[in-house]
Amino acid sequence: MTQIIKGANVPVPTSRLRVAVGRSTAPGVPAVDASALLLDATGKVRGDADLVFYNQPQHPSGSVRHVGTAEGVGQRAEWLELDLPSVEPVIQRVVISASCDGGVFGSVPGLFVQAIGPDGAVVMHFAVTDATTETAFVLGEFYRRNGVWKFRAVGQGYASGLAGLATDFGIVVAQPSTAQQAPSQPAPQPAPGAFPTPSAPAFQVPAAPTPSAPAPAFQVPAAPAAGQQPAVPGPFHPQPGAPAPFTPQLAPARYRHPAPPGADQQPPAPLPYPYPYAQPPSHPQPAYQPPAPPVAPVPDPFSGLPGFTPFTQRGHGTLTFAVDAPLPPGPALIEARNEGDGYFSVHSLTARHEPDDMYFNTSLTDFRGRAIARVPTEGRLLLLVEGSENWTVVIHPLSAIRRLGSLAVEGRGNEVFAYLGPSANLDVRFWGSESRHDDITVKTRPLFPTEDEYDDYPEPLLSRAVGPFSQTVPLSAGPLFLTVEGEGYWSLHVHPRTGASAQHG
């Protein structure tokens, strides 16, 4: 997953993308509505049809759709679908925006936008952390550059709401009160020989749906009955019986569900798996979950940690370098990306340049992974990268770590999560090749270990288990780190313990 900061940009695949505009759920949080604006080379819309939102859920070209809302434990997101290959050539940018009804974005916790590719991988994630009195936000934009699509994190707020934002992009916003008070005037006549300009109704800023108002075009489905597969609206990842190719997901969850034969839908694009074996079904993930009974909020152990600007080092082949940034001592998040094939490894060095902690050691093609790095109390963090292709290493604050909750997550290679919940069961699925002896290791460790505990992992939940397989293992109560080291694709799903497993957990 690529997390980016305000002003940064990142390439995205020219394919069908799922875009989530999400937030954390809490009592009294204002509603957030997502929308998309399709802009031409002038930076303006061509008409009202170039605005896609919940009351106008599909662009005439079919390239952009608003497909509804999904809610999980602790998060809620509105979902858009962008079919980038179908975007008209005249369109140069697709702006992703959000408006806040009944409040300001400074009161909206955990605001983010993220995009998911056709393989279920999160291709970008941008968290908005500086909102104050804004009532509308341009979160980011997809734009063309030399035939390639990219995403730029914008993070520009508007105190004038959706009306002010829409006006900036060329939409004529109607003013009902002025129109009602204006005296009746005869329509102006065109000059001789001039073509009359057709009059189109001005865009009306939509009001948020109320219980007495007509239902919008999309409605969150009711929770499925016991034993029944949930019907997933719109083009979410299909699960058995669902008539659509995609399933909604919330940051940082990622899901994939194979389409049932004969389903009434467009066939999904081939998954870019590098190995010639079929993909088993992923964890079923309902589009809606009924709210859980109120519980005391879990304190975020990362909220008080010192932050810093992520440090990035790019290179080719083998290189030793020092992280030239004022990193606070203790754990930090290290992310590595390696382009192409070949062996790739990253490990730290002592002050004498002797090997210390191994963070990555892989031969996966186009490797992407994250791990916990140990910043020394004295001196700088020294790293040795060994490879034969172009690579990137980024050091993030620990607050950027992914949280493992009740939503299923998927990945490939190495990843690290923070788990803050109670003791539970962890479903692990792995799609490695048995003939190649692809294996996966899953283990946990204390969230903030002492210096002596860094190398003392508890017994792994899974140790070099060869795939493909599906297995349920017990997960201890948090807070803790959970690390995954896999030579292929995997998925995790936490669910409560029941019966005997709860009594003996």
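Please refer to the structure higher up on the page.
Residues numbered from 1 in each chain as written. Predicted model: local features only at pLDDT ≥ 70, side-chain atom pairs only at ≥ 80, totals over all residues. Heavy atoms only, no water.

## Observations concerning the overall build of the protein chain
Regarding its fold elements, the protein chain presents three helices and 27 strands. Counting over 505 residues, the protein chain shows a buried share of 47%. In the protein chain, 71% of the contacts between residues at least 6 apart in sequence involve partners at least 24 apart. Accessible surface computed for the protein chain: about 23,600 Å², of which carbon and sulfur atoms make up 54%. (Helix = DSSP H or I, 4+ residues; strand = E, 2+ residues; numbered from the N terminus. Buried < 20%, exposed > 50% of the residue type's maximum accessible area, 1.4 Å probe, protein only. Contact = heavy atoms within 4.5 Å. Areas by Shrake-Rupley, 256 points an atom, 1.4 Å probe, with all protein chains shown as cover.)

## Considering the sheet that holds strand β5 (residues 51-52)
Taken in spatial order, the six strands line up as β2-β12-β11-β8-β4-β5 in an open sheet, and their pairing is antiparallel. Each having just a single partner strand, β2 (9-11) and β5 make up the two edges of the open sheet. For strand β8 (residues 93-101) and strand β11 (residues 136-145), the ladder comprises seven bridges, and the chain directions are antiparallel. The residue bridging valine 95 from the neighbouring strand is glutamate 141, located in β11. Strands in contact with helix α1 (residues 161-168) are β4 (31-39), β8, β11 and β12 (148-158); relative to β11, the strand with the most contacts, it is inclined by about 25°. (Pairing = 2+ DSSP bridges. Axes fitted to C-alpha atoms, helices over the stretch in contact; angles between N-to-C directions.)

## Side note on the pairing of strand β16 (residues 344-349)
Judged by how many residues are buried, β16 sits mostly within the fold: six of six residues are covered. As judged from the five bridges shared by β16 and strand β17 (residues 355-362), these two strands associate in the antiparallel manner. In the strand pairing of β17, valine 346 is matched with phenylalanine 360. Bridge count between β16 and strand β19 (residues 382-386): five bridges; the pairing is antiparallel. Across the sheet, serine 345 pairs through a bridge with glutamate 386, a residue of β19.

## Notes on the pattern of salt bridges
Evaluation of the coordinates by the stated rule reveals 16 salt bridges. Put simply, arginine 337 and glutamate 335 hold a salt bridge, and the shortest N to O gap is 3.3 Å. Like arginine 337, the residue glutamate 335 is buried in the burial classification. The network of salt bridges with common partners includes Arg16, Arg18 and Glu81. (Salt bridge = Lys/Arg side-chain N within 4 Å of Asp/Glu carboxyl O.)

## Some points on the nonpolar core
Of all hydrophobic cores here, the largest spans 37 residues; its most connected members are Leu82, Val94, Ile96, Val113, Phe142 and Phe151. For this core, the elements supplying multiple residues, two or more each, are β3 (16-24), β4, β7 (75-83), β8, β9 (112-116), β10 (122-127), β11 and β12. With residues near it in sequence (within four places) discarded, valine 94 still touches Ala36, Leu37, Leu38, Val64, Leu82, Gly140, Glu141 and Phe142. If you look at the next biggest cluster of nonpolar residues, it comprises 23 residues, including Phe321, Ala373, Val393 and Ile395. (Core = buried A, V, L, I, M, F, W, Y, C linked by side-chain atoms within 4.5 Å.)

## Section: the packing of aromatic side chains
Counted according to the given criterion, the structure contains nine aromatic pairs. With a centroid separation of 6.1 Å and an interplanar angle of 15°, the aromatic rings of phenylalanine 321 and tryptophan 391 are classed as stacked. Of this pair, phenylalanine 321 sits in strand β14 (residues 319-322) while tryptophan 391 sits in strand β20 (residues 390-396), and the two are 70 residues apart along the sequence. Assessed through its relative accessible area of 8%, phenylalanine 321 is described here as buried. Taking relative accessible area as the criterion, tryptophan 391 reaches 2% and is therefore assigned buried. (Phe/Tyr/Trp six-rings, centres within 6.5 Å; stacked < 30°, edge-to-face > 60°.)

## Things to note about unusual backbone geometry
Cis geometry marks the peptide bond from glycine 478 to proline 479, where omega comes out at 5°. Among the structural elements, proline 479 can be located in the loop between β26 (469-475) and β27 (480-496). Located in the positive-phi region is aspartate 366, a residue other than glycine, with phi close to 50°. Secondary-structure assignment places aspartate 366 in the loop between β17 and β18 (368-375). The exposure class of aspartate 366 is partly exposed, given its relative accessible area of 41%. Backbone geometry at histidine 437 places phi at a positive 60°, although glycine is not the residue there. Counting through the fold element by element, histidine 437 comes out in the loop between β23 (424-430) and β24 (439-446).

## Topic: a negative patch on the surface
Taken together, the side chains of Glu339, Asp341, Asp366 and Glu389 present a region of like negative charge at the surface. Relative to the elements of secondary structure, aspartate 341 occurs in the loop between β15 (330-338) and β16. Accessibility expressed as a relative area gives 47% for aspartate 341, which makes it partly exposed. (Patch = residues over 30% accessible without salt bridge, like charges linked within 9 Å, V, L, I, M, F, W, Y side chains within 5 Å. Lys, Arg positive; Asp, Glu negative; His and termini not counted. Charge placed at Lys NZ, Arg CZ, Asp CG, Glu CD.)

## Some words on the pairing of strand β22 (residues 409-419)
Of all 11 residues in β22, 11 are buried, a share of seventy percent or more. Sheet analysis places strand β21 (residues 402-403) next to β22, joined by two bridges and oriented parallel. Bridged to arginine 403 within β22 is alanine 418. Here β22 runs beside β27; their pairing, made up of 10 bridges, is antiparallel. By the bridge assignment for β27, valine 409 is matched with leucine 492.

## Observations regarding the environment of valine 385
Turning to its location among the elements, valine 385 is positioned in strand β19. Each C-alpha atom, one on valine 385 and one on histidine 316, is 9.1 Å from the other, the two residues being 69 residues apart in sequence. Every residue in contact with valine 385, bar those within four places of it in the chain, is listed here: Gly317, Thr318, Leu319, Phe321, Phe344, Ser345, Val346, Trp391 and Val393.

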